[in-house]
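Each chain, letter by letter, is given below.
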Amino acid sequence: MSLIARVPALAPFRIRSFRFQWPSDLLASWAFEMETVILGWFVLVATDSVLALAVFGSLQFLGTLISPLFGMAGDRIGNRSVLLLMRFTYLVLASSLMVLFLTDLASPVPVFVLATIMGLVRPSDITLRNLIVGETMPADYLMRAMGVSRTTADSARVVGALSGAALVAALGSGKAYIAVCGVYALCLALTFGVGIRRLRVLGENEVMLSPLRALREGFAYVWSTPVVRSVMLLAFLVNFAAYPLVGSLLAYVAKDVYGLDQTGLGWLIASFAGGALAGSITISMYGAHVRPARTMLVCIVIWLSLNLAFSWTTTPLAGEAVLFVAGFAQSFCMIPMAVILLRVTNPALRGCVMGVRMLAVYGLPMGLLLSGPIVERAGFAVTGTLYSALGIVFTLAIGFYWRAELWDRAAPVNER
């Protein structure tokens, strides 16, 4: 019996495109996390302001406003072509930052400018990954493939966060960025093997709409489809209320709450990512037994409750333990969410709808920008309590309002 037959989670690797996509996505995510640690710590130390840190974090998601355009571009010229252009851009921007750090010209202003450009492109990377998986993967492999694909981001947060912190501490930011550029270059090379053969594409008789009309139809489809609309609202909610507490604000927690250095920050990030990785692996192995919508709702409430507990922890070890469990719950929210959208969306509008889904990520920079002043005035514990309680209340409200579409055991989105 082959290894793939013995380990169902490896079934997606039967597909040639996925054998290239998984390592390329892994390297891209690894580089993203290394950059986040390097630049986030630089901004916090250079400005000594949690508000500046929140603004910097929000810039990383600026491109969510134009993510539907990336999805439409993928529908027109091919998702593979768009992804190649995006990953070439990452390499160019990382090389520019490397030069700034090596020549001692780095300061908050140029770092913020380059982060803004990166923030216009990078948020749509996950959209293109999901679209390529959706168009190259057989339907019976989809849940497993999404679980395995998710491990790229989760495992990279562990390795990328720890390696980024370690490299900066040992070599300095400039030499650390040499490693980042090398990772981006290898990622780009692997991406050339992705998405060459597609299973689900637009038919020959499909009429190509103008970009404005396609965008309008995408939004209309989201609004008129109850399942899609409810999932979009939940996606916005978790990005607004959950991710800020376990994202950019961890630099503040590490420095001002726990009194840790860059390495300590790396361990906090790695704890959440390690739990997420464990969750992704679990789904890749047992995803066929999961009822997506029910699992998503329950685990959002669990995740927000754990964020509430984390906001009141006062020791690094306890915080890392809570973050690990929160990361595990997070995977059981986000993977079923992506699978639901890929299953129910009209293939002709899939790129645009997944692009609209990325607009929900704009909840994260909104949450970050709002959290900065609250943390400075009331502290992290109060901010975490407010965000978590708000998130739980609205999750329960959305689940109750759309209970027939999301909670009913017989609903199509709960089919195993």
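Just so it is clear, the structure is predicted and the values come from calculations on it, not from any experiment. (Residues numbered from 1 in each chain as written. Predicted model: local features only at pLDDT ≥ 70, side-chain atom pairs only at ≥ 80, totals over all residues. Heavy atoms only, no water.)

**What to know about the overall build of the protein**
Move 1: Check the secondary structure of the protein and you find 20 helices and zero strands.
Move 2: Computed over its C-alpha atoms, the radius of gyration of the protein comes to 20 Å, within 12% of the 22 Å expected for a compact globule of 416 residues.
Move 3: With respect to the principal axes defined by its C-alpha atoms, the protein has extents near 55 × 50 × 45 Å.
Move 4: By the burial criterion, 57% of the 416 residues in the protein qualify as buried.
Move 5: Here the analysis covers contacts within the protein between residues at least 6 apart in sequence; of these, 86% occur between residues at least 24 apart.
Move 6: One finds the centroid of the 29 positive side-chain charges in the protein at a distance of 8 Å from the centroid of its 20 negative side-chain charges. (Helix = DSSP H or I, 4+ residues; strand = E, 2+ residues; numbered from the N terminus. Rg over C-alpha atoms; globule rule 2.2 N^0.38 Å. Buried < 20%, exposed > 50% of the residue type's maximum accessible area, 1.4 Å probe, protein only. Contact = heavy atoms within 4.5 Å. Lys, Arg positive; Asp, Glu negative; His and termini not counted. Charge placed at Lys NZ, Arg CZ, Asp CG, Glu CD.)

**Here we look at the packing of aromatic side chains**
Move 1: Summed over all chains, the structure comprises 15 aromatic pairs.
Move 2: Residues Phe13 and Phe18 carry aromatic rings whose centres are separated by 5.0 Å and whose planes lie at 70 degrees to one another, so their mutual orientation is edge-to-face.
Move 3: A residue is classified by how much of its surface remains accessible, and Phe18, at 1% relative accessible area, is buried.
Move 4: For the pair Phe236 and Phe240, a centre-to-centre distance of 6.3 Å together with 15 degrees between the ring planes defines the contact as stacked. Taken together, the positions of Phe236 and Phe240, both in helix α11 (residues 226-241) and four residues apart, correspond to about one turn of that helix.
Move 5: For Phe240, a relative accessible area of 15% translates into the label buried.
Move 6: An aromatic cluster of at least three residues, connected via ring pairs, comprises Phe13, Phe18 and Trp22. (Phe/Tyr/Trp six-rings, centres within 6.5 Å; stacked < 30°, edge-to-face > 60°.)

**Comments concerning the side chain of Ser24**
Move 1: If you trace the backbone, Ser24 turns up in helix α2 (residues 16-47).
Move 2: Looking at Ser24, the relative accessible area reads 0%, which means it is buried.
Move 3: For Ser24, the side chain forms a polar contact with the main-chain oxygen of Phe20, separated by 3.2 Å.
Move 4: For Ser24, the residues in contact, after removing those within four places along its chain, are Arg87, Cys187, Leu190, Thr191 and Val194. (Polar contact = N/O pair within 3.5 Å; in protein donor to acceptor, adjacent residues only side chain to side chain.)

**Some thoughts on the confidence of the model for the protein**
Move 1: Per-residue confidence for the protein gives a mean pLDDT of 82, with 90% of residues at or over 70.
Move 2: Within the protein, no element has a lower average pLDDT than helix α1 (residues 3-6), which sits at 56, and none a higher one than helix α19 (residues 380-401), at 94.
Move 3: In the predicted structure, residues 202-206 sits below a pLDDT of 50 and forms five contacts with residues beyond four places in sequence or in another chain. (pLDDT = per-residue confidence, 0-100.)

**Quick word on the nonpolar core**
Move 1: Ranked by size, the top nonpolar core spans 85 residues in total, and within it Met146, Leu234, Met296, Ile300, Trp303, Phe310 and Met337 carry the most contacts.
Move 2: A total of 14 residues in this core trace back to one element, the largest contributor, which is helix α16 (residues 316-344).
Move 3: Ranked by size, the runner-up nonpolar core spans 43 residues in total, among them Met34, Ala52, Phe101 and Val183. (Core = buried A, V, L, I, M, F, W, Y, C linked by side-chain atoms within 4.5 Å.)

**Some remarks on the packing of α2 against helix α6 (residues 108-121)**
Move 1: At a minimum axis separation of 11 Å, α2 and α6 run at an interaxial angle of 145 degrees. Of the two elements, α2 crosses α6, and the hand of that crossing is left-handed. On α6, the residues touching Glu35, Leu39, Phe42, Val43, Ala46 and Thr47 of α2 are Pro108, Val111, Phe112 and Met118.
Move 2: Here the contact of α2 with α6 is built from residues that sort into eight nonpolar, one polar and one charged. (Axes fitted to C-alpha atoms, helices over the stretch in contact; angles between N-to-C directions. Left-handed = near helix turned anticlockwise from the far one by under 90°. Nonpolar A, V, L, I, M, F, W, Y, C, P; charged D, E, K, R; others polar.)

**Quick notes on the pattern of salt bridges**
Move 1: Applying the stated criterion to the full structure yields six salt bridges.
Move 2: Glu35 is the partner of Arg122 in a salt bridge, and the nearest nitrogen-oxygen pair spans 3.4 Å. Of this pair, Arg122 sits in the loop between α6 and α7 (125-136) while Glu35 is found in helix α2, placing the two residues 87 residues apart along the sequence.
Move 3: The class of Arg122 is buried, set by a relative accessible area of 11%.
Move 4: Look at Glu35 and you get buried, because its relative accessible area is 3%.
Move 5: With a shortest N-O distance of 3.1 Å, Asp125 and Arg87 are connected by a salt bridge. (Salt bridge = Lys/Arg side-chain N within 4 Å of Asp/Glu carboxyl O.)

**Here we look at the packing of helix α15 (residues 292-310) against α16**
Move 1: Contact geometry for α15 and α16: axes closest at 8 Å, N-to-C directions at 155 degrees. By the angle class used here, α15 and α16 are roughly antiparallel. As α15 runs across α16, the sense of the crossing is left-handed.
Move 2: The residue makeup of the contact of α15 with α16, split by class, is 21 nonpolar, four polar and one charged. (Parallel < 35°, antiparallel > 145°, perpendicular 65-115°, else oblique.)

**Quick notes on unusual backbone geometry**
Move 1: Although it is not a glycine, Asp104 sits at a positive phi angle of roughly 60 degrees.
Move 2: Residue position: Asp104 is located in the loop between α5 (79-102) and α6.

**Remarks on the state of the cysteines**
By definition, a disulfide is the covalent link that joins the sulfur atoms of two cysteine residues.
Move 1: A full pass over the atoms with the stated rule returns zero disulfides.
Move 2: For Cys187, which is in no disulfide, the shortest distance to another cysteine sulfur is to Cys181 and amounts to 13 Å.
Move 3: On the basis of relative accessible area, Cys187 is assigned to the buried category, the value being 0%.
Move 4: In this structure Cys333 is not part of a disulfide, and its nearest cysteine sulfur, from Cys299, lies 5.3 Å away.
Move 5: Here Cys333 falls in the buried class, since its relative accessible area comes to 0%. (Disulfide = S-S within 2.5 Å.)

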